[in-house]
Amino acid sequence: MWRPVALIALTALAVAGCGDSNSPPNAGPSTVPSSSVPIEPTEQPTEQPSQEPSSQATEPPPETPTDAPSCIDQKLKSLTLREQAAQLIMTGINASGMSSAQKAVVQQQKSGSVFLMGSSGSVAHTRSAMAAVNTAATVNGVRPLIAADQEGGQIQRLKGAGFDRIPPATVQGTWSSSKLTDQAQLWGSQLKQAGVSVDLAPVADVVPSSLKSQNAPIGQLNREYGDTPEDASRGVQAFVQGMRKAGVATSVKHFPGLGRVRGNTDFSAGVVDNVTVRGDADLQPFADGIKAGTSMVMISTVTYTKIDPKNRAVFSPTVIQGMVRGDLGWRGVVITDDVGAAAEVASVPAGARATRFVAAGGDIVINAKAGLTATMVDALVAKAQEDKSFAAQLASSVRRVLTLKQDHGLVTCG
């Protein structure tokens, strides 16, 4: 159960088809959430008792240099500022393969990630198309993250031969945890075979039963695992664990929750949650998704008036630094819901969507409009050149992204 006391203990620090994945099949991807509950520390190996020194003098082993740069240090240093900024943009492309315009963007800008929109072909066709993405986007041995919204039900991008049809979360949530983990591992293995490294799922939002029919982004699309935090948590954890077994990264979404709103931010502006508070019980599935091993936390574009009435969640230091990184203890990648094509952020200049998110503590910007990629990269570079504090934040974000990529075999050091 989500308990405010966890918040007190950790208060020190604190995107629907992305164009939310909540959107219909031809819209952009979906978002990722995080929770306010601290992560339990990983158990450390038991220290072995020291042995008695030998009576014979032995030559001490040569000292290992402690200042040798790590692979990530090397890669970070090898990338220009512009290449670093591009690592923070996830550019939308066709799931069936890049159009000529999309290819030009990915190749010229060296997008750090891409996400798949629209309908796909078979596993074999998708794998071939993703090989072209790798060729276009790889820079200095750093390959792109390739992501898809593969939740199930109405939100499943990849449906061609070789991809199982996945039932909606409302059905998955009725299964045992072991069955869902096994199925998620199977679905993940199909993504892996297709050259896709990230599933922008699962949805950790809790939709109260009384609001289901009015909740456009989640409830109306059957994207929730349950109408209580406990039910949602079980589904989230099982899904994340299955994908991890398949070697596919996940992103819990859409923090701090879309279960209590009515409008879909992909198609509506001014969407507000007037109920959710910091330390809310409905944040528990995000915390449990983190404990289960999710790779990213996705932030919604909604404004939460009882948390930060002045900023949408994706631009809120309170939400990202305070709740995700502080209350939740999350040190990994934070990603937006779509801020490229989503109606909710249309009034915000494209460049500012990227800089405000990174300034608030975020890392990867989902951009469903490939043509906006250069604008976002330009803005990040310009901001870093004029603001040393922001430049440090950008570097920290790139380090987190490179670390995630290294964990999934996408960084080559030599």
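Above: the structure in question.
Notes on the structure follow.

## Structural notes on unusual backbone geometry
(1) Moving on: Omega for the peptide link from K253 to H254 comes to 0°, which places this bond in the cis form.
(2) Moving on: Along the chain, H254 falls in strand β7 (residues 249-255).
(3) Moving on: Of the consecutive residues F255 and P256, the connecting peptide bond is found in the cis state with omega at 0°.
(4) Moving on: Positionally, P256 belongs in the loop between β7 and β8 (272-273).

## Let's talk about the packing of aromatic side chains
In this description, an aromatic ring pair is defined by two values, namely the gap between the centres and the angle between the planes.
(1) Moving on: One pass over the structure, following the stated rule, counts three aromatic pairs.
(2) Moving on: Where W175 meets W187, the ring centres are 6.2 Å apart and the plane angle is 45°; that geometry is what we call tilted. Here W175, found in the loop between α6 (169-172) and α7 (177-193), pairs with W187, found in helix α7; they are 12 residues apart in sequence, far enough to count as distant.
(3) Moving on: Since its relative accessible area comes to 3%, W187 is described here as buried.
(4) Moving on: With a centroid separation of 5.2 Å and 80° between ring planes, the pair formed by F255 and F286 is classed as edge-to-face. With F255 in strand β7 and F286 in helix α9 (residues 284-292), the pair connects residues that are 31 residues apart, well separated along the chain.

## Quick word on the packing of helix α8 (residues 229-246) against α9
Axis angle and axis distance: for two packed helices, these are the angle between their axes and the distance between the axes, and together they describe the pair.
(1) Moving on: α9 packs onto α8 with a crossing angle of 25° between their chain directions and a minimal axis gap of 8 Å. Here α9 runs roughly parallel to α8, going by the angle between their axes. You can see that α8 and α9 cross each other, and the crossing is right-handed. Residues P229, A232, S233, V236, Q237, V240, Q241 and R244 of α8 pack against Q284, P285, D288, G289 and A292 of α9.
(2) Moving on: Considered class by class, the residues forming the contact of α8 with α9 number six nonpolar, five polar and two charged.

## Points about the state of the cysteines
(1) Moving on: Under the definition given, this model contains one disulfide.
(2) Moving on: Between C71 and C413 runs a disulfide, and the two sulfur atoms are separated by 1.5 Å. Residues C71 and C413 are joined by a disulfide whose S-S torsion is about 75°; by sign, that bridge is right-handed. Of this pair, C71 sits in helix α2 (residues 71-78) while C413 sits in the segment after α13 (388-407), placing them 342 residues apart in sequence.
(3) Moving on: On the basis of relative accessible area, C413 is assigned to the partly exposed category, the value being 33%.

Quick notes on the rules
- Residues numbered from 1 in each chain as written.
- Predicted model: local features only at pLDDT ≥ 70, side-chain atom pairs only at ≥ 80, totals over all residues.
- Heavy atoms only, no water.
- Helix = DSSP H or I, 4+ residues; strand = E, 2+ residues; numbered from the N terminus.
- Phe/Tyr/Trp six-rings, centres within 6.5 Å; stacked < 30°, edge-to-face > 60°.
- Buried < 20%, exposed > 50% of the residue type's maximum accessible area, 1.4 Å probe, protein only.
- Axes fitted to C-alpha atoms, helices over the stretch in contact; angles between N-to-C directions.
- Parallel < 35°, antiparallel > 145°, perpendicular 65-115°, else oblique.
- Left-handed = near helix turned anticlockwise from the far one by under 90°.
- Contact = heavy atoms within 4.5 Å.
- Nonpolar A, V, L, I, M, F, W, Y, C, P; charged D, E, K, R; others polar.
- Disulfide = S-S within 2.5 Å.

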